[in-house]
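Chain by chain, the residues run as shown.
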Amino acid sequence: MLGWEFPPYSSGGLGTACYGLIKGLSNRGVDVSLVLPVKYESKLDFVRIIPSGDLRLTTTKVNSSLFAYATPSSYKSAVGVFHNSDSIYGGDLFEEVYRYSKKVEEIAKNEDYDVIHCHDWMTFIAGINAKRISKKPLVVHVHATEFDRTAGLGVNQLVYDIERRGMHAADAIIAVSNFTKGKIIEHYGVHKDKILVVHNAVDFNDNHHYEGFEIKDSYKIVLFLGRITIQKGPDYFLYAARRVLEYEPNVLFVIAGSGDMEAQIIEKAAELGISDRVLFAGFLKGEDVDRAYKMADLYVMPSVSEPFGITPLEAMRNNTPVIISKQSGVSEVINHCLKVDFWDINEMSNMIISVLRYGELRECLGRNGFFEVKKFNWDEPAEKCISLYNNLLGVV
Amino acid sequence: MVSVCFYFQVHQPYRLRNYSVFDIGHNSNYFDDARNKEILLKVAKKCYIPTNKIILQLINKTGGRFKVSYSITGIALEQFEQFCPDVIDSFRALVDSGNVELLSETYHHSLAFLYSRKEFKKQVDMHNKKIRELFGYKPKVFRNTELIYNNELARFIEGMGYNAVLAEGADHVLGWRSPNFVYKPINGKIRLLLKNYRLSDDIAFRFSDRNWSEWPLTAPKFASWINSINGSVVNLFMDYETFGEHQWDDKGIFDFLLHLPNEILNNKDNDFVTPSEIVRRYKPVGELDVPNTISWADIERDISAWLGNKMQHSAVSAIYALENEIINSNNKELIEDWRKLQISDHFYYMCTKWFNDGDVHKYFNPYESPYKAFISFMNALNDLRFRLEKEKKENFIYVAN
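Every value quoted in this text rests on a predicted model; they were computed, and no experiment measured them.

**Some thoughts on the domain arrangement of chain A**
All names here are of chain A. Domain parsing of chain A yields domain 1 (13-201 + 377-392) and domain 2 (214-374). Domain 1 puts 22 residues into the contact, and the matching count from domain 2 is 13 residues. Of all the secondary structure elements, the ones that give two or more residues to the side of domain 1 that touches domain 2 are helix H1 (13-27), helix H2 (72-79), helix H5 (146-149) and helix H7 (178-188). Taken together, the residues that form the side of domain 1 that touches domain 2 break down as eight nonpolar, twelve polar and two charged.

Below, the structure is given as C-alpha cells:
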C-alpha cells in the first residue's frame, strides 16, 4: 500500500482513513506493507512513522519531503523555496513526487505482494511504476480530487494530469463516496463501472470521560474543526456566525485547525465585527480533538466540496450534534444530523440558532447520532476492498 | 358466516413550510400552501375521485349489499371545499346512497384527548358541525385520531352519547381473544369494534409487496381468508389513501377492490355491515381493559410514533400549554393557527424511531428529517407565542385607555 500520511503524525482525515482501513484489512488476515514518504533532517519531521504493534503492518520509509495535504504553496512556505511565484505549484513538490515514485520502484522490485493499493495523487505515479514493474493489479483510492481541494477554483493542471493518469492506469478505482464517484466520472472521463464506492468509517472507542468547561456557564459553543482552506468553507462559517450573533449574542464560534486561509479568516472575522466571538484554537491533536467536540454544543462542517468528511462522525461519537454540508460524502451515510447547502447561510444560521435554542433538539441529535455512529466500523470497508482484490486477482 | 365492516380514514394535513427562526415576528404564514394544495389535488386524482366512483358503483351493482364507513377529518374537508369541491360532491353521493356511514373524530386529527378534554370535546363538536353542514348527517360512532384508545377515552366518548368506538385489535390487549367479535370497554355500555390488523394490513401495507409470500393478493384469495374466519365480524380499518396512493392502480389495487365485494358475497352467509349495524346486531362477548393507550401505528401499536422522543414531547406539551391564553385571547386567527399546529402529523414527522430504516415514516415525511420538522414547528410555535404576547399587550392598552 502506498500511503501519504499516517497517525499519529497526520493532519487530516486521510491518515485516519488509511489507519482504519489497514486495521480492518489486517483484522481479516490481509498482510499490508505500507510505504510512506518520510522527511529527514527537516523541520517537517512530523511524518516519522511508528509501526503499531497490534497491526499486521510493516512500514517502509522513503526519504522524501512529501507531507500530507501539501499544496505546492504550503509546501513552498514550509520548505522556504520561492522560485516561481506565478505558479502556485512550485517545481520542488513534483520533484519529490518523482523521487518518491523512483524509490517505490526499487521497493516494488524487492517486496512480495499481490495488489498495489495507493492513496491520492501524490502516490499515483509511484503506483503506476510499481504496476509496470510487477504487473500486479493497481487500485487507486480517491479520498479527494483536485476539484475538491481547490473548490473548483484554480485547478492545477499537473496535479489533475497525475490524477487522471492514475485513474486510467488503474485496474479499479475506489471512491470514498458517491459524491466523489460523480466527480471522477464528470471530470476525469472514467467509466462508472470501474469505480467502487467504499464509504469511510470510524472506529468506536467508548469514551466516557466527562469534564466541565467553565466557559460554558456563559456561552454556547459552535465548533469548526478542519483545515482552514477554501475546501472546508471557513468563510461560510463566519458569515453564519455573524447572522447567528444578531439573534443569539452569547455564543462563541471556535475555529480549530490551520491552513492557508488562516490569516484571511482572522481578518474576515474582524471585518465582520465578530472578532470577540470567534476564537482560533489552532491545530488540535489527539485528546484535544475529542475535548473540543465535547466542549461544543454543536459541530458545523460547512465544506464546499467534501469527498467524505470523517470529522462529523467523530463529533457524533462525542454526543455532539452536527450540521453538515450537503456537498459531502458523509451526508450519504448519516441521518441523525442536519444537512444544509454550504452556500445557504440563512438556513445554516436557522439551524444553528435552533440547535442552540431547543435543548430537546440538541439532546435528540446528540443521542441518536451517538447510536448511529456506533454502528460504523472498518470491517465493512475492508471487506469491500478484499472482494475487490479477489476480483482483480481472479480469486473466487 | 361473517359480517365484513370496512372503515376508511380520510385525512390530509396542513404541512408546515420551512419556517425559519428569522420568520419569527415577521411572517405568520406557517403552512406550505402551494405544496398542500398540490398534494391534495394529486391524491384527489389518484385516490379520492376514482375510489369514490368505484365504491358507488359497487353499492349499485350489489343492489345495496355493499356498505362502507368513513371518517373524514375537518381539515381534509375544508381543503376539499377550497381546492376540489367535486370530492365533497362525490362523498355526498355516497352518503346519499344510504349505504355509507360517517364516523366522528376530532376536526384537527389531533392528540387533544391526551392533553385537554375541553379542547378535545371542542374539536369533536367542530367536526360534528362540519359533517352536519356538508352532509346533513349526525355520526353515532366515534373513532379517535389514529385509533388512539384507552379506557378513559371509551368512558368519555360514552358520556358524549356515542354508541360505539373503534380501536386497534392489538395482540397485547386481546391476548387469547379474537378481534372478530364485538366487545365493550371495561365498566362501559358502548360497543368496542376492533380492527383485524392482519387482514387490514394485508390490503393496506402488503398488497404490492413482492417479497410477501401471499403476493399477488387476489380478490378470491382474500375472500377465502374471510370465509375461513371463525367469528361474527371482520373489521377492515385502513387509510382510504391505500387505494391509488399507497398502493398503486398499476399494481392492481382498483381491480382488487372492484372484485372483492362479489367474491365475499358469493358465500351467502357473508354480508357487509356498517359500525352502527354491528351495534344493533351483535351483543358484546366480553369486556376489554385497556389502561395503557394503544393506536394503529407501527408494530408497537402505541403512541410512540407521536410521543416517542423528547422533541415530540416538548413540542406537544408546548402547544397545549398555550391553551388557556390562546382561548382567552378571543382572537379567531390565533385560535385557528393554534389548532392547525395541533394536527398530529406535525409530531409524527418528528419521529426518529425508524429513521434509520427509511420505511413508512420516511415515505410519509415531507421534511428531509425529523429534526427539520421539529425546527419548523418550534419556530412557528414561537411566532404564535410572539403574536399572543403582542395581542395581550394591545388588549391591555385598550383596557387601560
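Picking up where we left off.
**Observations regarding the interface of chain A and chain B**
In this assembly, 18 residues from chain A lie in contact with 18 residues from chain B. Of all the secondary-structure elements, those providing two or more residues to the side of chain A that touches chain B are strand S12 (338-340), helix H12 (345-357) and helix H13 (359-374) of chain A. Here the side of chain A that touches chain B is built from residues that sort into eight nonpolar, six polar and four charged.

**Concerning the sheet that holds strand S10 (residues 298-301) of chain A**
All names here are of chain A. The sheet built from six strands is open, its strands ordered S9-S8-S7-S10-S11-S12 with parallel pairing. Among the strands making up the open sheet, the edge pair consists of strand S9 (278-282) and S12. Each adjacent strand pair in this sheet contributes to an overall mean axis angle of 25°, direction not counted. For S10 and strand S11 (residues 322-325), the ladder comprises three bridges, and the chain directions are parallel. Note that in S11 the partner of Tyr299 across the bridge is Val322. Of the strands in this sheet, strand S7 (220-225), strand S8 (251-256), S9 and S10 touch helix H8 (residues 234-247), which is tilted by about 170° from S8. Its contacts with the sheet place helix H10 (residues 287-295) against S7, S8, S9 and S10, and it is angled at close to 140° to S7.

**Here we look at H8(A)**
For H8(A), spanning 14 residues, the distance from its first C-alpha to its last is 21 Å, which sits close to the expected 20 Å at 1.5 Å a residue. Looking at the buried residues of H8(A), the elements they touch are S7, S8, helix H9 (262-271), S9, S10 and H12 of chain A.

**Focus: the pairing of strand S3 (residues 116-119) of chain A**
Working note: regular strand, side chains alternate between the two faces of the sheet. Residues and elements named next belong to chain A. With burial as the criterion, each face of S3 is covered, one bearing Ile116 and Cys118 and the other bearing His117 and His119. The pairing of S3 with strand S4 (residues 138-142) spans four bridges and is classified as parallel. From the neighbouring strand, Ile116 faces S4, where its bridge partner is Leu138. Taken together, S3, helix H4 (residues 124-134) and S4 form a β-α-β motif whose crossover is right-handed.

**Quick notes on the nonpolar core**
Core analysis: the biggest nonpolar cluster contains 227 residues, and A:Leu223, A:Ile323, A:Ile352 and B:Val165 have the highest contact counts within it. For this core, the element with the highest residue contribution is helix H18 (residues 370-400) of chain B, accounting for nine residues. Other than its neighbours up to four places away in sequence, A:Leu223 contacts A:Val254, A:Ala256, A:Ala292, A:Tyr293, A:Ala296, A:Leu298, A:Tyr299 and A:Val300.

**Some thoughts on the domain arrangement of chain B**
All names here are of chain B. Parsing chain B into structural domains produces domain 1 (3-288) and domain 2 (305-400). Put simply, the middle of domain 1 and the middle of domain 2, counted by C-alpha atoms, are 26 Å apart. Contact residues are listed per partner, giving 24 residues for domain 1 and 22 residues for domain 2. Each residue belonging to the side of domain 1 that touches domain 2 can be placed in one class, and the counts come to eleven nonpolar, nine polar and four charged.

**Examining the pairing of strand S5 (residues 164-168) of chain B**
All names here are of chain B. Counting buried residues along S5, five of its five residues qualify, which places the element largely inside the surrounding structure. Burial along S5 is two-sided: the face carrying Ala164, Leu166 and Glu168 and the face carrying Val165 and Ala167 are both buried. Relative to S5, strand S4 (residues 141-142) runs parallel, the two being bridged by two bridges. By the bridge assignment for S5, Phe142 is matched with Val165. Handedness of the S4-helix H6 (residues 151-159)-S5 crossover: right-handed. For S5 and strand S7 (residues 191-195), the ladder comprises five bridges, and the chain directions are parallel. Each residue of the ladder has a partner; that of Glu168, found in S7, is Lys195.

**Some details on the packing of H4(A) against helix H6 (residues 157-169) of chain A**
Geometry of a packed helix pair, given as the angle between the helix axes and the separation of the axes. Residue and element names in this part refer to chain A. Look at H4 against H6: their axes get within 9 Å of each other, and the N-to-C directions meet at 35°. Relative to H6, H4 is oriented so that their crossing is left-handed. The residues of H6 that touch H4, namely those facing Phe124, Ile125, Gly127, Ile128 and Lys131, are Ile162, Glu163, Arg165, Gly166 and Ala169. Looking at side-chain class alone, the contact of H4 with H6 contains five nonpolar, two polar and three charged residues.

**Thoughts on the packing of helix H1 (residues 33-61) of chain B against helix H3 (residues 85-96) of chain B**
Residues and elements named next belong to chain B. Remark: H1 packs on H3, axes separated minimally by 10 Å, with the N-to-C direction vectors making an angle of 20°. With respect to H3, the element H1 is oriented roughly parallel. H3 is crossed by H1, and the crossing has left-handed handedness. Within the contact between the two elements, H1 uses Ala44, Tyr48, Ile49, Asn52, Lys53, Ile55 and Leu56 and H3 uses Asp86, Val87, Ser90, Phe91, Ala93 and Leu94. Of the residues contributing to the contact of H1 with H3, the split by class is nine nonpolar, two polar and two charged.

Rules and cut-offs
Residues numbered from 1 in each chain as written. Chains lettered and ligands numbered in written order. Predicted model: local features only at pLDDT ≥ 70, side-chain atom pairs only at ≥ 80, totals over all residues. Domains from an automatic or database assignment. Contact = placed C-beta atoms within 7 Å. Helix = DSSP H or I, 4+ residues; strand = E, 2+ residues; numbered from the N terminus. Nonpolar A, V, L, I, M, F, W, Y, C, P; charged D, E, K, R; others polar. Pairing = 2+ DSSP bridges. Axes fitted to C-alpha atoms, helices over the stretch in contact; angles between N-to-C directions. Expected span 1.5 Å × (residues − 1). Buried ≥ 20, exposed ≤ 12 C-beta atoms within 10 Å, placed from the backbone. Right-handed = clockwise from strand over helix to strand, strands pointing away. Core = buried A, V, L, I, M, F, W, Y, C linked by C-beta atoms within 7 Å. Left-handed = near helix turned anticlockwise from the far one by under 90°. Parallel < 35°, antiparallel > 145°, perpendicular 65-115°, else oblique.

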